[in-house]
Amino acid sequence: MRTRKALVVRGGWEGHDPVGCTEEVMPALERAGFEIAVAEDLAVYEDAEVLAATDLVVHSWSEGGLTAEQEANLVDAVEAGTGFAGWHGGVVATNVADPRYLRMVGGRFLWHPEGFQEFTVRIAAAPDRDGTITEGIADYDVETEHYWVLTDSLNTVLATSVLTPEATDPWDGPVEFPVVWTRRWGAGRVFVCTLGHRVADLRVPQTAAIVRRGLVWAARA
């Protein structure tokens, strides 16, 4: 059985603790048998051969942007079968001027209420597919940033949350947003979890299980 390779790309805005959060998750990949390389510079995406030989890219880089070459190499690799995964701002609040990247990921962060909110992560009752990622997990409560995201119907939504307006908000009814989704892009698989602002969020048992399973799921088989 071959050893699969994971590439963890981390950096950008330090407020999302890219080093701490990836260090929290990497042991699970090691236990799953992955050989892990870490890059702390987006220039790694300029090496098409490295990306082609990678089974899973874990992108944890909030803010910033990709060059045309970096975006093309990364998306081309995923379309050819390299898996892609990430959480929170490290994957949906980044590369916002890169349309091929955004289409591949299937969502973009827009806004969140100030501070941490208490809300319920609602597990999809009957996801179309990929339900093993959330298998055995019931709805659960978290206290963290509550992301308002834009997504599309190509995603398979595995979990959602509802953002209820306060009296001063400009919208007049509850809005349901995806929290966890999967997506096919070419021959590649994409996994996204909008939770994960801080290490503590990734230590919530249900979130830890979802992220662990999602990373393994996204990797090239």
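Everything in this summary refers to the structure shown in the same document. (Residues numbered from 1 in each chain as written. Predicted model: local features only at pLDDT ≥ 70, side-chain atom pairs only at ≥ 80, totals over all residues. Heavy atoms only, no water.)

In this section: the nonpolar core. L56, V121 and F191 are the most contacted members of the largest nonpolar core, which has 34 residues in total. Within the second largest apolar cluster, 31 residues are counted, among which are V75, A77, V149 and F177. (Core = buried A, V, L, I, M, F, W, Y, C linked by side-chain atoms within 4.5 Å. Buried < 20%, exposed > 50% of the residue type's maximum accessible area, 1.4 Å probe, protein only.)

In this section: unusual backbone geometry. Of note, the phi angle at D17 is positive, near 45°, even though the residue is not glycine. Its location among the elements puts D17 in the loop between strand 1 (5-12) and helix 1 (18-31). You will see that N95, though not glycine, has its phi angle at about 55°, which is positive. Assessed through its relative accessible area of 1%, N95 is described here as buried. (Helix = DSSP H or I, 4+ residues; strand = E, 2+ residues; numbered from the N terminus.)

As a further point, take empty space enclosed by the protein. For the structure shown, the criterion picks out 1 cavity of 30 Å³ or more. Considering only enclosed or pocket space, the largest cavity measures out at about 40 Å³ in volume. Forming the boundary of the largest cavity are H16, P18, S60, S62, W87, H88, G89, G90 and G196. Counting residues per element, the ones that place at least two in the lining of the largest cavity are strand 3 (56-62) and helix 4 (89-92). Of the residues assigned to the lining of the largest cavity, the class counts are 2 nonpolar, 7 polar and no charged. (1 Å grid on protein atoms, 1.4 Å probe; cavity = no way out; pocket = protein on both sides within 12 Å on 5 of 7 lines; lining within 4 Å. Points joined across faces, edges and corners; volume = space filled by probe spheres on them. Nonpolar A, V, L, I, M, F, W, Y, C, P; charged D, E, K, R; others polar.)

With that out of the way, let us pick up the packing of aromatic side chains. Within this structure, the stated rule accounts for 6 aromatic pairs. When the centroid spacing of 5.8 Å and the interplanar angle of 85° are considered together, the rings of F84 and Y101 count as edge-to-face. Separated by 17 residues along the polypeptide, F84 in strand 4 (residues 83-87) and Y101 in helix 5 (residues 99-105) bring together distant segments of the chain. Residue F84 is classed as buried on the basis of its relative accessible area, which comes to 0%. Assessed through its relative accessible area of 0%, Y101 is described here as buried. With centroids separated by 4.8 Å and ring planes inclined at 45°, the aromatic side chains of W148 and F177 adopt a geometry described as tilted. (Phe/Tyr/Trp six-rings, centres within 6.5 Å; stacked < 30°, edge-to-face > 60°.)

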